[in-house]
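The lines below spell out each chain.
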Amino acid sequence: MLAVVSVGVVAAVVTIAASVIYFDSLGDIALNRQISTDAGASHDIVITAREVGVDPASNAETLSLVEESVTEIASSIITGITLAYGSPTLLIEETESAGTEIDSSLRAVLVNSPDLQANSILTAGSWPSKTVSQDALGRLLIDVAIEESAAAEFEISVGEIVVVAPFWDDLNDSLTVRVSGTFARGQADPAYWRDLDDQFGLDDTDLNFLPLVADSEVFVSDVAPYLPGMTVRYFWRFYVDSGRVNASGASKLLVGFDEIKAQLQPKIGSYSQQIPLQEVLERNQQQTFFSRLPMTVVFSVIAAVVLYFVATMSILMVETQRDDIARLRTRAATVRQVVGAFVIEGAVVATLAILLAPPIAALVVKWLGVIPLFAGLNDGNPLPVTLGQSAYLVSIL
């Protein structure tokens, strides 16, 4: 009789766990279809910010604060990060080229990005060094690399001196840069350059920008203090694999996205975040709200029937073991010892059910998708299954 009860309990728990896993699987299918049909081409998390009075400590704090806050919430769906930061638009006052007249539409911008060198091809000279000095007029002098196409267009060569000036009132009126090398854009990741063009206005049709790539340490340790009124522009793109999102974790992600903004906005100037996936998840939550109600009712009925079955089988097992109980009592067994024996039997059966039921249920639900009756759910493919905490939780209950 104990074997029959054990099999019955395991089967009952499998039924409950399978119900939870099946409902989650349906939610995953609906969410994946909504993501695939979403009009947005990208679900990446994009954050921009602006800070004044930047120094090495504050810059490092800003970078780590954003990265840690986002990865803490969305590390399961993030596949990579693009980071860039730099100066506002700078005016070009003079170049060393003899006879070169400064075009009124020519502008400059200091750009820093950890991945810039990896996405570029050095065509002449070298990448900027950490060397910092002063020119003949006492202005700060730093090395920069410039884009090859811009260098050719404005006849700027390696080794040439260019003087740039802030358009705002600042402690110093101008900054001198020496061209240490030229580079061409790599073609491996066009999206990377589109982000830089958009962030720093390099694709502006009215102005011609000369991107100046300085050493990142020189930018925050020397240029920023030299121009303390400079507003440093920050840009982050966290690449998101929306295929990793599942319905059971959607609510947690939505709460997390709001927490990111609540945590970072008070600490970072001009903070802005764009999370297209948040809109998709919110629409999915709204559309599936009413479909969850009948599922909840069905699950409640299943749970009630299973619990009734387990209770009935337990009573029958006690009745069938009445003679054994009487025999134990004639041998001076106490009530506690008799009850303890049943408790041990129940604990063993319950442990087996908790350990075996969720994996069995997940396997059953997965292959439901290939059965003709359920083939329409996922185009005849196995159903997406996630064996999470909810399945084990309902098994314990």
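Above this text is the structure in question.
Residues numbered from 1 in each chain as written. Predicted model: local features only at pLDDT ≥ 70, side-chain atom pairs only at ≥ 80, totals over all residues. Heavy atoms only, no water.

Draft legend 1. Spotlight on helix α2 (residues 56-74). Between its terminal C-alpha atoms α2 stretches 27 Å, which fits the 27 Å expected from 19 residues at 1.5 Å a residue. By the N-cap criterion, in which a side-chain oxygen at the helix start approaches the backbone nitrogen of a residue two or three places on, α2 is capped by D55, the distance to A57 being 3.1 Å. (Helix = DSSP H or I, 4+ residues; strand = E, 2+ residues; numbered from the N terminus. Expected span 1.5 Å × (residues − 1). Polar contact = N/O pair within 3.5 Å; in protein donor to acceptor, adjacent residues only side chain to side chain.)

Draft legend 2. Quick look at the environment of V111. Tracing the sequence through the fold places V111 in strand β4 (residues 106-112). Under the relative-accessibility criterion, V111 is labelled buried at 3%. The spatial distance from the C-alpha of V111 to the C-alpha of S87 is 6.8 Å, given a sequence separation of 24 residues. Setting aside chain neighbours within four positions, we find V111 in contact with Y85, L116, L196, F200, P211, L212, V213 and A214. (Buried < 20%, exposed > 50% of the residue type's maximum accessible area, 1.4 Å probe, protein only. Contact = heavy atoms within 4.5 Å.)

Draft legend 3. Quick look at the pairing of strand β7 (residues 140-147). Burial within β7 is extensive, with eight of its eight residues counted as buried. Examined bridge by bridge, strand β6 (residues 132-134) and β7 share three bridges and lie antiparallel to one another. When the bridges of β7 are listed, V132 appears paired with I142. Two successive antiparallel strands, β6 and β7, enclose a turn made up of five residues, where G138 displays a positive phi of approximately 80°. In this structure, β7 lies alongside strand β9 (residues 175-185), joined through seven bridges in parallel fashion. Looking at the pairing, I142 lines up with V177 of β9. Sheet topology places β7 next to strand β10 (residues 208-214); three bridges connect them, and they run antiparallel. (Pairing = 2+ DSSP bridges.)

Draft legend 4. Fine view of helix α6 (residues 250-264). Between the first and last C-alpha of α6 there are 21 Å, a value that for 15 residues agrees with the 21 Å anticipated at 1.5 Å per step. For α6, the complete set of buried residues consists of A250, L253, L254, G256, F257, I260 and L264. Buried residues in α6, looked at end-on, bunch into an arc of 165°, giving them a common side. The outward face of α6, more than 90 degrees from its buried face, is lined by the exposed residues K252 and A262. (Arc of directions from axis to C-beta.)

Draft legend 5. Main features of the pattern of salt bridges. In total, this model carries nine salt bridges according to the counting rule given. A salt bridge links D241 to R244, with the shortest nitrogen-to-oxygen separation between them at 3.5 Å. Taken together, the salt bridges that share partners define one network made up of D44, D195 and R237. (Salt bridge = Lys/Arg side-chain N within 4 Å of Asp/Glu carboxyl O.)

Draft legend 6. Seen up close, the environment of V163. Within the secondary structure, V163 is located in strand β8 (residues 161-166). Between the C-alpha atoms of V163 and T176, which are 13 residues apart in sequence, the distance is 4.5 Å. If we skip the residues at most four places from it in the chain, V163 touches L91, I92, E93, E94, R139, S174, L175 and T176.

Draft legend 7. Here's a closer look at empty space enclosed by the protein. In the structure shown here, the tally under the stated rule is one cavity of 30 Å³ or more. When its volume is computed, the largest cavity comes out at roughly 50 Å³. Contributing to the lining of the largest cavity are V111, L116, E147, F183, R185, W193, L196, L202, P211 and V213. Sorting the residues of the lining of the largest cavity by element identifies β9, α4 (190-200) and β10 as the ones contributing at least two each. (1 Å grid on protein atoms, 1.4 Å probe; cavity = no way out; pocket = protein on both sides within 12 Å on 5 of 7 lines; lining within 4 Å. Points joined across faces, edges and corners; volume = space filled by probe spheres on them.)

Draft legend 8. Region of the structure containing the packing of aromatic side chains. Going through the model one piece at a time under the given rule, you end up with seven aromatic pairs. Measuring from ring centre to ring centre gives 5.3 Å for Y192 and W193, while their planes differ by 85°; the resulting arrangement is edge-to-face. The two residues Y192 and W193 agree in class, both being buried. The structure contains a cluster of three or more aromatic residues connected by ring pairs, namely Y85, F219, Y234 and W236. (Phe/Tyr/Trp six-rings, centres within 6.5 Å; stacked < 30°, edge-to-face > 60°.)

Draft legend 9. Local environment of the packing of α2 against α6. Two elements in contact, α2 and α6, have axes separated by 9 Å at closest approach and are oriented at 165°. Here α6 runs roughly antiparallel to α2, going by the angle between their axes. α2 and α6 meet at a crossing whose hand is right-handed. When α2 is examined against α6, the residues L65, V66, S69, V70, I73 and A74 are found in contact with a partner set consisting of L253, G256, F257, E259, I260, Q263 and L264. For the contact of α2 with α6, the residue count by class is nine nonpolar, three polar and one charged. (Axes fitted to C-alpha atoms, helices over the stretch in contact; angles between N-to-C directions. Parallel < 35°, antiparallel > 145°, perpendicular 65-115°, else oblique. Left-handed = near helix turned anticlockwise from the far one by under 90°. Nonpolar A, V, L, I, M, F, W, Y, C, P; charged D, E, K, R; others polar.)

Draft legend 10. Here's a closer look at a negative patch on the surface. Judged by side-chain charge, E67, E68, E72, D258, E259, E279 and E282 come together as a negatively charged surface patch. Of all the secondary structure elements, the ones that give two or more residues to the negative patch are α2, α6 and α7 (276-320). The element that contributes the greatest number of residues to the negative patch is α2, accounting for three residues. Checked against the element boundaries, E67 lands in helix α2. (Patch = residues over 30% accessible without salt bridge, like charges linked within 9 Å, V, L, I, M, F, W, Y side chains within 5 Å. Areas by Shrake-Rupley, 256 points an atom, 1.4 Å probe, with all protein chains shown as cover. Lys, Arg positive; Asp, Glu negative; His and termini not counted. Charge placed at Lys NZ, Arg CZ, Asp CG, Glu CD.)

In short, shape yes, function no, at least from these values alone.
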